[in-house]
Amino acid sequence: MTNGEAEAPSPVASDSFQTADRVNAAKTRFKRLLLEHNGEASHPDVQTAMENLINLASQRRNHPDEWSPAQDKNLNSGRWKTVTTPPFPGKLPKQEDDDDERTKFTLGRMSFGMFKPTNSICAVNHIINVVKQLELNNDVNEEPKEGADQINSSWEQAYSFEVSMDILVPKGGSTIKLPAKLVTNGVCEPKDATKLGIKFTGGSLIPDFDLSKEENSTLVATWKEVFENAISKEDSQQSYFGMVKTYLVHTLMKWMMGLDPPVDREDFTQTYVITRPYVGFADIMYIDDDLRITKGNRGTIVVVERLKE
């Protein structure tokens, strides 16, 4: 500064601030449109807003070719809440007399046939993606397959999905809502600068309420009624060809992925383990301190917001 006059901002700094403002405005618009269209990332308006946000964010970087979000453990770590529609197949149509606006699926479709009873109706509350640091040489027992696309990196992170939901159980002319949690466990690590490799190693279906509290006695009794010997009961009701199909599928998955399918347990929970998981991928299209957009290897767009600790 000279003679008391303020120094004018440089053109470079001015452009940088303007670009940051445009990115923030584009991000706000994208989130608003996603909310307006019920989390449907495939809606044309949402797609256009997302592409605009990604392009503006790219323009803001000094060296776009050097952007490497997948290799930033701290940026990826945290609890991320999904704001797009649940990425499960077979969403059930909404019934005219149903006041419940939550997205619904059968338990079988949500768990890809792993958990029983497969025809139980589940209403999804929210999905949390937990990404946290994991020591190398963890307990995942993976046997590399010849020719498989392996991930070469110096670190891994735990990568899980926690689905909070109610299992809807018709009873006596009303519906009992069983709070439940469907957890899918895995690990992730960078494949390249923007791509995460993800291996899912198992999953569990557990009650999401305190079984020891007296006020939950109806929930406890209903959970036991639904899930006691649920796997063996459903298997016994299969036709001969159904039993053969189940046997062949499980045998094939055991050989290919090391699947240990769920069995009936005394605590009425269900768990499966995959000891030789295949690698899936998620391309990071956008990420900042509180928003992440990824595209899976099947083309599914998932948008999540970071939960504050």
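Remember, predicted model here, so these are calculated numbers, not experimental data.

So, how was this worked out
Residues numbered from 1 in each chain as written. Predicted model: local features only at pLDDT ≥ 70, side-chain atom pairs only at ≥ 80, totals over all residues. Heavy atoms only, no water. Helix = DSSP H or I, 4+ residues; strand = E, 2+ residues; numbered from the N terminus. Buried < 20%, exposed > 50% of the residue type's maximum accessible area, 1.4 Å probe, protein only. Areas by Shrake-Rupley, 256 points an atom, 1.4 Å probe, with all protein chains shown as cover. Phe/Tyr/Trp six-rings, centres within 6.5 Å; stacked < 30°, edge-to-face > 60°. Expected span 1.5 Å × (residues − 1). Patch = residues over 30% accessible without salt bridge, like charges linked within 9 Å, V, L, I, M, F, W, Y side chains within 5 Å. Salt bridge = Lys/Arg side-chain N within 4 Å of Asp/Glu carboxyl O. Pairing = 2+ DSSP bridges. Core = buried A, V, L, I, M, F, W, Y, C linked by side-chain atoms within 4.5 Å. Contact = heavy atoms within 4.5 Å.

Enquirer: Requested: an account of the overall build of the protein, with residues and values cited.
Expert: When you go through the protein residue by residue, the secondary structure sums to 7 helices and 11 strands. The buried share of the protein, taken over its 309 residues, is 40%. Surface exposure of the protein reaches about 18100 Å², of which carbon and sulfur atoms provide 51%.

Enquirer: Just give me the short version of the packing of aromatic side chains, but keep the residues and values in it.
Expert: How two aromatic rings sit relative to each other is set out by the distance from centre to centre and by the angle between their planes. All told, the structure shown has 8 aromatic pairs when counted by the stated rule. Ring centres 5.7 Å apart and planes at 50 degrees place the aromatic pair Phe115 and Tyr272 in the tilted group. In this pair, Phe115 sits in the loop between helix H4 (107-110) and strand S3 (121-134) while Tyr272 sits in strand S8 (residues 270-274), placing the two residues 157 residues apart along the sequence. For the residue pair Phe115 and Tyr272, the accessibility class agrees, reading buried in each case. Ring geometry for Tyr240 versus Phe241: centroids 5.6 Å apart, planes at 75 degrees, classification edge-to-face. There is no split in this pair, since Tyr240 and Phe241 are both exposed.

Enquirer: Pulling in residues and values, what's your account of helix H7 (residues 240-257)?
Expert: In a regular helix each residue adds 1.5 Å, so 18 residues correspond to 26 Å; H7 covers 25 Å between its end C-alpha atoms and thus fits that length. A positive backbone phi angle near 70 degrees is found at Gly258, which sits one or two residues after H7.

Enquirer: Before we move on, could you go through a nonpolar patch on the surface and cite the residues and values that matter?
Expert: Where nonpolar side chains cluster on the molecular surface, the patch consists of Tyr240, Phe241, Met243, Val244, Tyr247 and Leu248 and spans about 710 Å² of accessible area. Mapped onto the fold, Tyr240 is located in helix H7.

Enquirer: How would you summarise the pattern of salt bridges if you had to cite specific residues and measurements?
Expert: Counted by the stated rule, this structure contains 18 salt bridges. Residue Glu225 is joined to Lys171 by a salt bridge in which the shortest nitrogen-to-oxygen separation is 2.9 Å. One end of the pair, Glu225, is in helix H5 (residues 217-227); the other, Lys171, is in strand S4 (residues 156-171), and 54 residues separate them in sequence. Overall, Glu225 belongs to the partly exposed group, its relative accessible area being 49%. Put simply, Arg265 and Asp267 hold a salt bridge, and the shortest N to O gap is 3.3 Å. With a relative accessible area of 40%, Arg265 lands in the partly exposed category. Judged by relative accessible area, Asp267 falls into the partly exposed class, the value being 37%.

Enquirer: Before we move on, could you go through the pairing of strand S10 (residues 291-296) and cite the residues and values that matter?
Expert: Sheet topology places strand S9 (residues 280-287) next to S10; 5 bridges connect them, and they run antiparallel. When the sheet's bridge partners are listed, Ala282 is paired in S10 with Gly296. Between the antiparallel neighbours S9 and S10 lie 3 residues. Following S10, the chain reverses through 4 residues before pairing antiparallel with strand S11 (residues 301-306); Gly299 in that reversal takes a positive phi of roughly 90 degrees.

Enquirer: Tell me about the nonpolar core, residues and numbers included.
Expert: Where a protein is soluble and globular, its nonpolar side chains tend to be buried together. Counting residues in each nonpolar core, the largest one holds 27 residues, and the members touching the most others are Met110, Met165 and Ile167. When contributions to this core are tallied by element, the ones reaching two or more residues are H4, S3, S4, strand S5 (174-190), H5 and S8. Apart from the residues lying within four places of it in its own chain, the contact partners of Met110 are Phe88, Phe105, Cys122, Val124, Val163, Met165 and Leu182.

Enquirer: An account of the environment of Ala230 is requested, with residue identities and associated values reported.
Expert: Within the secondary structure layout, Ala230 lies in helix H6 (residues 230-236). Distance from Ala230 to Lys116, taken between C-alpha atoms, is 5.8 Å for residues 114 residues apart in sequence. With residues up to four places along the chain from it excluded, the contact list for Ala230 reads Lys116, Pro117, Asp264 and Gln270.

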